[in-house]
Amino acid sequence: MVNRVEKNRMICLEFESDKRYPNPVSDCVITAEFQGPSGRVIRREAYWNGGAQYGISFAPVETGVWNYVLSAPKDSGLHAAKGQIECVPYTGSLDIYRHGFLKISDDRRYFTYADGTPFFWLGDTHWEFCYREKWEESNHPKMDSMFKGMIDKRAAQGYTVYQTNLRSDACMGGETYYWDDAGLPNVEFYQKELDRRMYYLAEKGIVNALGFAWFMSIEHQTEKYQNLARYIIARYGALPVVWTLAGETGGYEKAKQAFYVDEWRKVALTVQEADGYHHPLTAHYTNERPFASYYQNEDWLDFTLNQAGHGDYVISASDYKDFLKKHGDKPFVEGEAFYEYCSTLEENGTRLCTDAMVRRAAYLSIQAGGCGYTYGAQGIWDVVWEKGQDNPMSVFNRFDVTWAEAIDAPGGEQMGYMRRFYEEQKFFELYPFAAGSEEEGNPFGKKLPLITVTKDKKRWVLYYPQAVRKSTEIEGFENGVYAMQWFNPRTGEYETESEFEVTSGTWKIPVKPDREDWCLVINKKEKGA
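Residues numbered from 1 in each chain as written. Predicted model: local features only at pLDDT ≥ 70, side-chain atom pairs only at ≥ 80, totals over all residues. Heavy atoms only, no water.

## Quick notes on the overall build of the protein chain
- Secondary structure assignment for the protein chain yields 11 helices and 27 strands.
- Here the protein chain has a C-alpha radius of gyration of 24 Å; the compact-globule value for 529 residues is 24 Å, and the two agree.
- If one aligns the C-alpha atoms of the protein chain with their principal axes, the spans along those axes are about 80 × 55 × 50 Å.
- Relative to its 529 residues, the protein chain shows a buried fraction of 58%.
- Contacts spanning at least 24 positions in sequence make up 70% of the contacts within the protein chain whose residues lie at least 6 apart. (Helix = DSSP H or I, 4+ residues; strand = E, 2+ residues; numbered from the N terminus. Rg over C-alpha atoms; globule rule 2.2 N^0.38 Å. Buried < 20%, exposed > 50% of the residue type's maximum accessible area, 1.4 Å probe, protein only. Contact = heavy atoms within 4.5 Å.)

## Thoughts on the sheet that holds strand 7 (residues 64-71)
- If you trace the five strands from one edge of the open sheet to the other, you get 1-8-7-3-4, paired in mixed fashion. Either end of the sheet is taken by a strand with one partner, and the two such strands are strand 1 (3-6) and strand 4 (41-45). Averaged over all pairs of adjacent strands, the angle between strand axes in this sheet comes to 25°, irrespective of strand direction.
- As paired elements, strand 1 and strand 8 (residues 82-88) share four bridges and run parallel to each other. Residue pairing in the sheet places Asn3 in a bridge with Ile85 of strand 8. (Pairing = 2+ DSSP bridges. Axes fitted to C-alpha atoms, helices over the stretch in contact; angles between N-to-C directions.)

## Regarding the sheet that holds strand 11 (residues 118-119)
- Taking strand neighbours across the sheet as the criterion, the three strands line up as 9-10-11 in an open arrangement whose pairing is antiparallel. Edge strands, defined here as strands with exactly one partner in the open sheet, are strand 9 (102-104) and strand 11.
- Here strand 9 runs beside strand 10 (residues 111-113); their pairing, made up of three bridges, is antiparallel. Bridged to Lys103 within strand 10 is Thr112.

## Things to note about the packing of aromatic side chains
- Under the counting rule described, the total for this entry stands at 62 aromatic pairs.
- Plain terms: the ring middles of Tyr178 and Phe189 are 5.1 Å apart, the flat faces sit at 75° to each other, and that makes the pair edge-to-face. In this pair, Tyr178 is assigned in helix 3 (residues 175-178) and Phe189 in helix 4 (residues 187-203), connecting sequence segments 11 residues apart. You'll find Tyr178 and Phe189 in the same group, each marked buried.
- Here the aromatic rings of Phe215 and Tyr252 are separated by 6.5 Å at their centres, their planes lie at 85°, and the arrangement is edge-to-face. With Phe215 in the loop between strand 14 (207-214) and helix 5 (222-236) and Tyr252 in the loop between strand 15 (241-247) and helix 6 (254-274), the pair connects residues that are 37 residues apart, well separated along the chain.
- For Phe215, a relative accessible area of 14% translates into the label buried. (Phe/Tyr/Trp six-rings, centres within 6.5 Å; stacked < 30°, edge-to-face > 60°.)

## Re the environment of Tyr252
- What makes Tyr252 partly exposed here is its relative accessible area of 41%.
- Remark: the alpha-carbon pair of Tyr252 and Arg4, spanning 248 residues in sequence, is separated by 49 Å.
- Those residues within four positions of Tyr252 in sequence are excluded, and the remaining contacts are Phe215, Thr286, Asn287 and Gln307.
- A polar side-chain atom of Tyr252 sits 2.9 Å from a polar atom in the side chain of Glu248.
- One polar contact links the side chain of Tyr252 to the main-chain amide nitrogen of Asn287, over a distance of 2.9 Å. (Polar contact = N/O pair within 3.5 Å; in protein donor to acceptor, adjacent residues only side chain to side chain.)

## Examining the pairing of strand 7
- In the sheet, strand 3 (residues 31-35) pairs with strand 7 via five bridges, with the strands oriented antiparallel. Within strand 7, the residue paired with Gln35 across the bridge is Asn67.
- As paired elements, strand 7 and strand 8 share six bridges and run antiparallel to each other. Bridge pairing in strand 8 places Gly64 opposite Cys87.

The following block contains the structure:
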């Protein structure tokens, strides 16, 4: 019988060995080589699924018949077993399956789907999605399930990525979930809990940007985490995923950072070798100034996943611009900055992080040259079920915000507006532009809008944070008539379009409509239009 599956959708093939092995993972390594109609080969490792059961997950990436052959221990009875999978066109509406898994653009500035369609990274942070977010319960009045309700809402708001972590580290008690008493994969946990969570995200068309643990877990356990990475890739690597290695990979003890960086590199190289789809791979960085840059010169690091922090450092445009001048050969995503409702870590005292603070960090990072942003909300990433509960992360949640409050935070909705705005403006064609006064060190430079522009200088996007209150003349305009339109990042709406004419190659940018933050879109009009 030929198995049939839609293009880019995962199918799980089930096999049973003739014998049970003392160590069913290391003693019975099974791999499958899939060859597609064009000759493309994808290699997938099997995962142990309890007893003598093994599974191979596979997603065909082109239509037609794929042939596969197994390589396995001779006494398993599975060596040289063959089969076929017929791949038929995908008939649904989810972009990740219509266009294919993620890759890096040819100019290495942003993400695309497999067919080259640009992909805007809009993530939501769920560090403990795998075992603390409740599947059957909810105390949100409009959600029956905490886990599914949040995913449904983010999907409706336009999010494309879930930024997660297995939290398999001992300090979170995660070791008891992922390994049994014999040190083997805890198959029951995967079957009953993690499978359904990974599959639910995939069914919503959301890419899971998944880390394996937090940085400190690697101590004396490098081989264990290499094996965990292989198992996770085998079980879930045919889903829409991105690998983020470890939370805050280098750690914060300077004397030990080289150790953490070196040991997690070994896991990264394991991922690079094991992942037959070559999903994008990165490391979730530590919060540093200048921005962290370890691994930047290594070929396995496909993009930068930065952490600008929650107020422990000032977040300025120069931080992003300085980093991208040195490391602009990889896509840049701001992956952790000012979680909404968090208690900021500012020297002058903590305050509640507002949607305005979130928007500033998000738009600033894109205008400086980024290609995506990961939002986060306090009460969600630290999984606060009810007020007054014991929370080891309370330093970030002094205002005692619950997940049910956080999921309805205004910034969460506004990030969806931002994604739609940048897709409408073709973010992948925009490049940072510096007004003269900004480059000259003018103290008022930081009070000016942040500007991006297309290479032909015909489309401009200006972002005015709340603090911006100055105007300046911009050189570089072609003479002619331009249309300009204000975009409100708080509502996702455009104001009425107006026109202006440039006759001398320069134009004085307007002051924003009020004291809030705004975007201004400028397009050169063709003659006769």
